[in-house]
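Given next are the chains, with one letter for each unit.
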Amino acid sequence: MTDAIPPARAADEIAAYRSAAGASRSILSEDILGFLQAGQTVAVAAGSSTGYPVCAIGIGCTFAPQPAGTLARVFLARGGNGALLELVRNGASVGMTLTGVDHRSIQVKARSGRVVAPEPQDIAELHRQIAAHRDWLEIVGFTRAFAETLTVFAEEDVAGIEFLPERVYVQTPGPGAGSRLE
Amino acid sequence: MTAEIDIERLRPAMEGVVAAVLATCDAEGQVNVSLISQVHYVGPGRIALSYQFFNKTRRNLMETRRASITVVDCETAERYRLSLDYLETHTEGPVFEAMRARLAGIASHTGMAGVFRLQGSDICRVTAMERVPCASLPRPEDSPNRLAAARRLAERLRGAGDLGALVDAAIEGLGAEFGITHAIFLAADAGEKRLFTLASLGYAEAGIGSEIAYGEGLAGAAAQSGTPVRITMMTAEYRYGEAVAGTARSLGLDWDRERTIPFPGLEMPGSQLAVPLRFGERLCGVLLVESPEILRFGHEDEDALALIGDQIGAMMAALDAERAEAEPAEPAGGDCAETVRVRHFARDDSLFLGHDYLIKGVAGAILWRVLQEHAASGRIEFTTRELRLDPSLRLPGNAENFDTRLILLRRRLDERDAPIRLSRSGRGRFRLVLAARPVLAEADPEGAF
């Protein structure tokens, strides 16, 4: 089964989208962008005001290059995540949290998002992030086989959720979790 | 009544090895997503989430009483997504204690015991469960039968006639029957709320006599909670904690360092399991086992060693109750050509042989008393009863761990290859064995001689 997924926005569409949303600058600093794309554990979720939220383990994330970080895309497998993607299509809120092996964690949220297909450069970036993530998993003690199984993805099965980051929070465990970063 | 969803097979996904993804919403449907390390299996259709801080996740859970969680099997990498309904929060009871002990063990390692404190166990009902399609590994072959191993170890313990033999049988049996390579047998001092090492397995330094407080590390957490505590993977937090602890130790006072026997343990354990040794409500000690491998100790190891822990605790209590009647001391003695200077510091009863720290506390007081008596009368034969009743030793009221202190002292002297030894000479009796003549020196209140 293959749901029709629209392509990601072209550069001129992104500019128009940003302008319409009033997002003239990114709320994500260079440091945060570096962290988010360093090969972390990716958690994705879509909200619901009537039922249960739906969460998943994602693959990685990319950001529109100009201005840096204004438009985010978080990627996950389509297989098994139909309910989550359906919530997004129906206007649900979106959240993604990226966590490093040192438990440093950052959450980015938006009131809505759009399901998109990945671009070739997205796929290349996901492979880079996944390779870094596998290395981290091995460093903390997982076997290579487990790390590969946990992170492997099929390029043809990848879906993206594109959204304008509206809020960014520290999510590192502890009393400061939930503090806004922007 | 709706049948509960069977989540028993998800227990390997709740080991805290691979963090779980938890999503909640506020009343407006704005989602919040985080990674959590502790999802506790409660029973059929029930899990518990740890409540440490009143953060957005908890506020949402209280507001909507719904959540979604994705967990990963630590052996196969299979993923499962659960829908949860919040039911209630436990602030006491077995679920709460088990979760609190585990958290305390982690917090202690990271030096954040005061920050990482469990406020409650949020009990949730699983209303839906689905396996998320993804790549997975075959489940490893079944581990050896833990019940049979526990039975064989129990048989080894049964033959122990005194506490020393019991400790040896336990340590040797863990290696032989469970294939455990690193273990520490700690006795409890209920009055001081401390644990001290009686024996260990697999370390370069045996660490006999080393002490930790209740609540310190995994063993201390097991002592404080009275429940087994198991960590299946050394996380980055542990590494950070070890570094912090190492720095703190390096900044310690020389006086304190001199009087501290290093606690044995792996520098970088992959897995740890601590089980209390109990008899009823009385804590007799803690057994700590560890391994450089991650995922070395599973639920079955915990269950088996918890049973063994109860047996050891009961035997320690029984042996304690069998204290021998006093027997007349035998005057004896002998001259040695060599001498050894024994220095005593009354403020903590610490003893030094020459310039080397030996021991302190009750064990130090016992040896000092014995050596003083030997110097005065030449006696080398003593009874445990006379020492237990000796008011100068200032033993705790119940003196229930006198025997463990005596064994600790004997082992410490043996470990240091000291020219002064204590050997068991009969039930309730021991003998001072001297390879050098002790020359006793008592420090003045300022610590000078």
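All figures in this text were calculated on a predicted structure; none of them were measured in a lab.

Reading the values: rules and limits
- Residues numbered from 1 in each chain as written.
- Chains lettered and ligands numbered in written order.
- Predicted model: local features only at pLDDT ≥ 70, side-chain atom pairs only at ≥ 80, totals over all residues.
- Heavy atoms only, no water.
- Helix = DSSP H or I, 4+ residues; strand = E, 2+ residues; numbered from the N terminus.
- Buried < 20%, exposed > 50% of the residue type's maximum accessible area, 1.4 Å probe, protein only.
- Core = buried A, V, L, I, M, F, W, Y, C linked by side-chain atoms within 4.5 Å.
- Domains from an automatic or database assignment.
- Contact = heavy atoms within 4.5 Å.
- Phe/Tyr/Trp six-rings, centres within 6.5 Å; stacked < 30°, edge-to-face > 60°.
- Lys NZ or Arg CZ within 6 Å of the ring centre and 35° of its normal.
- Arc of directions from axis to C-beta.
- Axes fitted to C-alpha atoms, helices over the stretch in contact; angles between N-to-C directions.
- Left-handed = near helix turned anticlockwise from the far one by under 90°.
- Nonpolar A, V, L, I, M, F, W, Y, C, P; charged D, E, K, R; others polar.
- Pairing = 2+ DSSP bridges.
- Salt bridge = Lys/Arg side-chain N within 4 Å of Asp/Glu carboxyl O.
- Expected span 1.5 Å × (residues − 1).
- Bend = angle between axes of the 7 residues up to and from the residue.
- Polar contact = N/O pair within 3.5 Å; in protein donor to acceptor, adjacent residues only side chain to side chain.

Draft legend 1. How the structure looks around unusual backbone geometry. Residues and elements named next belong to chain B. Unlike most non-glycine residues, aspartate 349 shows phi in positive territory, near 55°. Turning to its location among the elements, aspartate 349 is positioned in the loop between β14 (339-345) and β15 (350-353). Unusually for a residue other than glycine, aspartate 417 sits at a positive phi of about 55°. Its relative accessible area of 59% is what places aspartate 417 among the exposed residues.

Draft legend 2. Region of interest: the nonpolar core. Among the nonpolar cores identified, the biggest contains 67 residues, and B:Leu157, B:Leu166, B:Phe185, B:Ile312, B:Ile420 and B:Leu432 are the most heavily contacted of them. When residues of this core are assigned to domains, at least three fall in each of domain 2 (146-321) and domain 3 (339-442) of chain B. What B:Leu432 contacts, discounting residues up to four positions off in sequence, is B:Val370, B:Leu371, B:His374, B:Arg379, B:Ile380, B:Phe382, B:Ile420, B:Arg421 and B:Leu422. Listed in part, the 32 residues of the second largest apolar core include A:Ala56, A:Val74, A:Val94 and A:Val115.

Draft legend 3. Main features of the packing of aromatic side chains. Residue and element names in this part refer to chain B. Taken as a whole, this structure holds four aromatic pairs over all chains when the rule is applied. With a centroid separation of 5.4 Å and an interplanar angle of 65°, the aromatic rings of phenylalanine 345 and phenylalanine 352 are classed as edge-to-face. Phenylalanine 352 carries the same exposure label as phenylalanine 345, and that label is buried. Centre to centre, the rings of phenylalanine 352 and tyrosine 357 are 5.6 Å apart; their planes meet at 65°, and the pair counts as edge-to-face. The exposure classification of phenylalanine 352 matches that of tyrosine 357, with both residues buried. In textbook terms, an aromatic cluster arises when at least three aromatic residues are bridged by ring pairs, as seen for Phe345, Phe352 and Tyr357. The lysine or arginine in question, arginine 343, covers the ring of phenylalanine 352, its NZ or CZ lying 5.1 Å from the ring centre. Sitting over the ring of phenylalanine 196, arginine 405 keeps its end group 3.7 Å from the ring centre.

Draft legend 4. Examining helix α1 (residues 56-64) of chain B more closely. Residues and elements named next belong to chain B. By the burial criterion, the buried members of α1 are Thr57, Arg58, Asn60 and Leu61. One side of α1 holds all its buried residues, which, seen down the axis, span an arc of 160°. Structurally, α1 contributes buried residues whose contacts are with β1 (20-25), β2 (31-36), β4 (46-51), β5 (66-72), β6 (79-90) and β7 (120-132). One or two residues past the end of α1 sits arginine 65, with phi positive at roughly 60°.

Draft legend 5. Here's a closer look at the packing of helix α4 (residues 120-139) of chain A against helix α5 (residues 144-151) of chain A. All names here are of chain A. The geometry of α4 relative to α5 is characterised by a closest axis approach of 9 Å and an angle of 145° between their N-to-C directions. As α4 packs across α5, the resulting crossing turns out to be right-handed. Where α4 approaches α5, its residues Ile130, His133, Arg134, Asp135, Leu137 and Glu138 are matched on the opposing element by Arg144, Ala147, Glu148, Leu150 and Thr151. The residue makeup of the contact of α4 with α5, split by class, is four nonpolar, two polar and five charged.

Draft legend 6. Looking closely at the sheet that holds strand β4 (residues 72-77) of chain A. Residues and elements named next belong to chain A. Strand order in this open sheet of four strands is β3-β4-β8-β7, and the pairing throughout is antiparallel. The strands lining the two open edges of the sheet, one partner per strand, are β3 (60-63) and β7 (114-116). Pairwise comparison of adjacent strand axes, ignoring direction, gives a mean angle of 30° for this sheet. Relative to strand β8 (residues 158-163), β7 runs antiparallel, the two being bridged by three bridges.

Draft legend 7. Representation of the pattern of salt bridges in the model. Residues and elements named next belong to chain B. In the structure shown here, the tally under the stated rule is 38 salt bridges over all chains. Between glutamate 211 and arginine 194 there is a salt bridge, with its nearest N and O atoms 2.8 Å apart. Remark: arginine 194 occurs in strand β9 (residues 194-201) and glutamate 211 occurs in strand β10 (residues 211-213); sequence separation between them is 17 residues. Looking at glutamate 211, the relative accessible area reads 23%, which means it is partly exposed. The class for arginine 194 is partly exposed, based on a relative accessible area of 28%. Across the salt bridge formed by glutamate 211 and arginine 405, the nearest N and O atoms sit 4.0 Å from each other. With glutamate 211 in strand β10 and arginine 405 in helix α11 (residues 402-415), the pair connects residues that are 194 residues apart, well separated along the chain. Assessed through its relative accessible area of 4%, arginine 405 is described here as buried.

Draft legend 8. Summary view of helix α4 (residues 163-178) of chain B. All names here are of chain B. The end-to-end C-alpha distance of α4 is 21 Å, a good match for the 22 Å that 16 residues give at a rise of 1.5 Å each. In α4, a bend of some 25° at glutamate 172 exceeds every other bend along the element. Three or more residues of α4 are buried, namely Leu163, Gly164, Leu166, Val167, Ala169, Ala170, Ile171, Gly173, Leu174, Glu177 and Phe178. Of the surrounding secondary structure, the elements contacted by the buried residues of α4 are α3 (146-158), β8 (182-189), β9, β13 (282-291), α8 (299-321) and α11. Backbone nitrogen of glycine 164 and a side-chain oxygen of the N-cap are separated by 3.1 Å at the start of α4; the cap is aspartate 162.

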